[in-house]
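# Reading the structure
Chain by chain, the residues run as shown.
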Amino acid sequence: MKLTLKVWRQRDAIDKGRLATYDVEAHEDMSFLEMLDVLNEELITSGEDPVAFDHDCREGICGTCSMVIDGQPHGPQRATTTCQLHMRHYNDGDTIVIEPFRSGAFPVIKDLIVDRGAFDKVIQAGGYISANTGSAPEANANAVQKEHADRAFAAANCIGCGACVAACPNGSASLFLGAKLTHLGELPQGQPERYQRVVEMVQTHEDAGFGGCTNTGACATACPKEIPLDVISQLNRDYLAATVGGKKKG
Amino acid sequence: MSEKSRAGGAAAPRRPRTPSALLKFVMAVSGVFLLLYVVLHMIGNLKIFFGPAAIDEYASWLRTILEPALPYEGMLWIVRVVLLVSVIAHIWSATVLTLRARRARPIKYAGGSYRVKGSYAARTMRWGGVIIALFVIYHLLDLTFGVANPNGVHLEVYDNIAAGFAPERWYVTLFYVLAVVALGFHVQHGIFSGIQTLGWSSNSRERTIKVVSTVFAVVLTLGFISVPLAVTFGVV
């Protein structure tokens, strides 16, 4: 299949960047990233700079791949990361526009690669629990209700890719934030730091320059791991309990 | 690469800013007051269907609520102050959040904007809010201060409404209807968003909350537009 690609090319963080047009011959069995690999081989052969893009496991679980395909983070297929998107969903002669995630808090490093270090800062601010090291705890010592376990697990599916931020018209990372807070807050191990955590993580989210949530739901629709929108409600509930409700000590 | 260039300039505020979650809380709480008022206002308007005397008496009664514990127009002024504070808080936090959103999302996608951006109501909250604010200014000049009303006599409520929405002033009626429809959309997303902001939403309740917000918004809109339409078409 012959495709026309319009790819965002940007030398470095300071470069203004532009969309460049390339023709590429792809096969329907290829993954989207393999199609880009083909393009890059051609670019290297002709002495041009290959398109820089993030990728690692190519199994849809690491959260490294990003990019916005035809205006949609991770492309048109629901609940799918870019690396798991396949060319069989495209037709011969299609034109595909490929851009980096757009967010003030995710500056472009090069081409399609953005700096998602802001997520690391949010995690550092509270994405941990206190646990004794040494021998493993007794497996049945902490009883967890099924509903809490399910909800924690659903939230723990978040791979931290940043598609929620890329999709959000306000550039908010509330879905990511809510996923982490729900994941830890639903479990007994997450209780000691629960209210400290939400205040620290929300403030770090703020200082990183992410926007506020208007509950459009675009994030949950774009999320390749289908994190439910109600984790944002959980985030707000815990945040208000910690601040307005005074549950955060010290 | 240095920390400064990595942050891209726009993303590094100098001092910690008030979290958006807190500003959203301000929006939700002020929104609750505004919504309560709008509901009472809509129900009060329906008095016109019981005749000219009913709505005029209702307007007089509004000024004597809890007399003599409160002075004449006491309750009216309490409500007005609460409304004014709510409106200022609502618009102020919306403005701050909008400016932040612009900085947090500075570049549009060339490959078409993201298709699933939420409902029409969710996407039009900001401009819808501006339209409602402009409408409220006109509405106050029309039926509170009376300067934009052909009759414009204080407490002659029925005559003011009848003159304001007279058939030859169909464009005023049309403007009211459009503004109230904008209010309906604003309320539809506002109720859902407010509940989510206050942390009361959940996966299992989300659908119900959205249906209730929609029904609420439709009833509110119909209740409001019934009055100008009834006057223009000579029903009352």
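- In the annotation of an unreviewed UniProt entry, the entry for chain B reads Succinate dehydrogenase / fumarate reductase cytochrome b subunit, and the organism field reads Pseudonocardia ammonioxydans.
- Turning to chain B, the UniProt annotation filed under Subcellular location (unreviewed entry) states: "Membrane".

- The name given to chain A in an unreviewed UniProt entry is Succinate dehydrogenase iron-sulfur subunit, with Pseudonocardia ammonioxydans as the source organism.
- As stated in UniProt under Sequence similarities (unreviewed entry), the record for chain A gives "Belongs to the succinate dehydrogenase/fumarate reductase iron-sulfur protein family."
- Entered under Catalytic activity (unreviewed entry) in the UniProt record, the comment concerning chain A runs "a quinone + succinate = fumarate + a quinol".

### Observations concerning the interface of chain A and chain B
- Contact residues are listed per partner, giving 52 residues for chain A and 51 residues for chain B.
- Broken down residue by residue, the surface that chain A buries against chain B is led by Arg 102, Glu 206 and Asn 215 of chain A, which jointly contribute 15%.
- The interface formed by chain A and chain B includes two salt bridges.
- A salt bridge links Glu 206 of chain A to Arg 100 of chain B; its shortest N-O distance comes to 3.0 Å.
- Our enumeration of links across chain A and chain B arrives at 25 residue pairs in polar contact (both at pLDDT 80 or more).
- Here the element with the most residues in the side of chain A that touches chain B is helix α8 (residues 230-242) of chain A; it accounts for seven residues.

### Description of the packing of helix α2 (residues 117-126) of chain A against helix α5 (residues 174-185) of chain A
Residue and element names in this part refer to chain A.
- At a minimum axis distance of 11 Å, the contact between α2 and α5 shows a crossing angle of 30°. When the axes of α2 and α5 are compared, the pair comes out roughly parallel. Our pair here, α2 against α5, has a crossing hand that is right-handed. Facing α2, whose interface residues are Phe 119, Val 122, Ile 123 and Gly 126, α5 presents Phe 176, Leu 177, Lys 180 and Leu 184.
- Along the lines of polarity and charge, the residues of the contact of α2 with α5 split into six nonpolar, one polar and one charged.

### Some details on the packing of aromatic side chains
- Inspection of the entire model under this criterion finds 13 aromatic pairs over all chains.
- A centroid spacing of 4.7 Å and a plane angle of 85° characterise the contact between Phe 165 of chain B and Tyr 176 of chain B, whose relative ring orientation is edge-to-face. Residue Phe 165 of chain B is found in the loop between α7 (157-164) and α8 (170-197), and its partner Tyr 176 of chain B is found in helix α8; the two are separated by eleven residues along the sequence.
- The buried category is assigned to Phe 165 of chain B, whose relative accessible area is 4%.
- Judged by its relative accessible area of 5%, Tyr 176 of chain B is buried.
- Ring centres 5.8 Å apart and planes at 80° place the aromatic pair Trp 170 of chain B and Tyr 171 of chain B in the edge-to-face group.
- Residue classification places Trp 170 of chain B among the exposed positions, given a relative accessible area of 52%.
- For Tyr 171 of chain B, a relative accessible area of 45% translates into the label partly exposed.
- Three or more aromatic residues joined by ring pairs form one cluster here, namely Phe 135, Tyr 138, Phe 165, Phe 175 and Tyr 176 of chain B.
- Between Arg 102 of chain A and the ring centre of Trp 8 of chain A, over which it is positioned, the NZ or CZ distance is 4.3 Å.

### Looking at the nonpolar core
Residue and element names in this part refer to chain A.
- Counting 46 residues, the largest nonpolar core has Phe 106, Leu 175, Val 198, Phe 210 and Ile 232 as its most contacted members.
- Mapped by element, the contributors of at least two residues to this core are α2, α4 (163-167), α5, α6 (194-207), α7 (218-222) and α8.
- In this structure, this core is formed jointly by two domains, domain 1 (2-109) and domain 2 (116-242), each of which donates at least three residues.
- Formed by 28 residues, the second largest nonpolar core is a distinct cluster that contains Ala 20, Tyr 22, Leu 43 and Ile 98.

### Quick notes on the packing of α8 of chain B against helix α9 (residues 206-232) of chain B
Residues and elements named next belong to chain B.
- Here α8 crosses α9 at 165°, and the two axes come no closer than 8 Å. What the angle tells us is that α8 and α9 run roughly antiparallel. You can see that α8 and α9 cross each other, and the crossing is right-handed.
- Grouping the constituent residues of the contact of α8 with α9 by class yields 17 nonpolar, seven polar and two charged.

Reading guide: rules and limits
Residues numbered from 1 in each chain as written. Chains lettered and ligands numbered in written order. Predicted model: local features only at pLDDT ≥ 70, side-chain atom pairs only at ≥ 80, totals over all residues. Heavy atoms only, no water. UniProt positions renumbered as here; feature names shortened; annotations may be inferred. Contact = heavy atoms within 4.5 Å. Buried area = accessible area lost by both parts, 1.4 Å probe. Salt bridge = Lys/Arg side-chain N within 4 Å of Asp/Glu carboxyl O. Polar contact = N/O pair within 3.5 Å; in protein donor to acceptor, adjacent residues only side chain to side chain. Helix = DSSP H or I, 4+ residues; strand = E, 2+ residues; numbered from the N terminus. Axes fitted to C-alpha atoms, helices over the stretch in contact; angles between N-to-C directions. Parallel < 35°, antiparallel > 145°, perpendicular 65-115°, else oblique. Left-handed = near helix turned anticlockwise from the far one by under 90°. Nonpolar A, V, L, I, M, F, W, Y, C, P; charged D, E, K, R; others polar. Phe/Tyr/Trp six-rings, centres within 6.5 Å; stacked < 30°, edge-to-face > 60°. Buried < 20%, exposed > 50% of the residue type's maximum accessible area, 1.4 Å probe, protein only. Lys NZ or Arg CZ within 6 Å of the ring centre and 35° of its normal. Core = buried A, V, L, I, M, F, W, Y, C linked by side-chain atoms within 4.5 Å. Domains from an automatic or database assignment.

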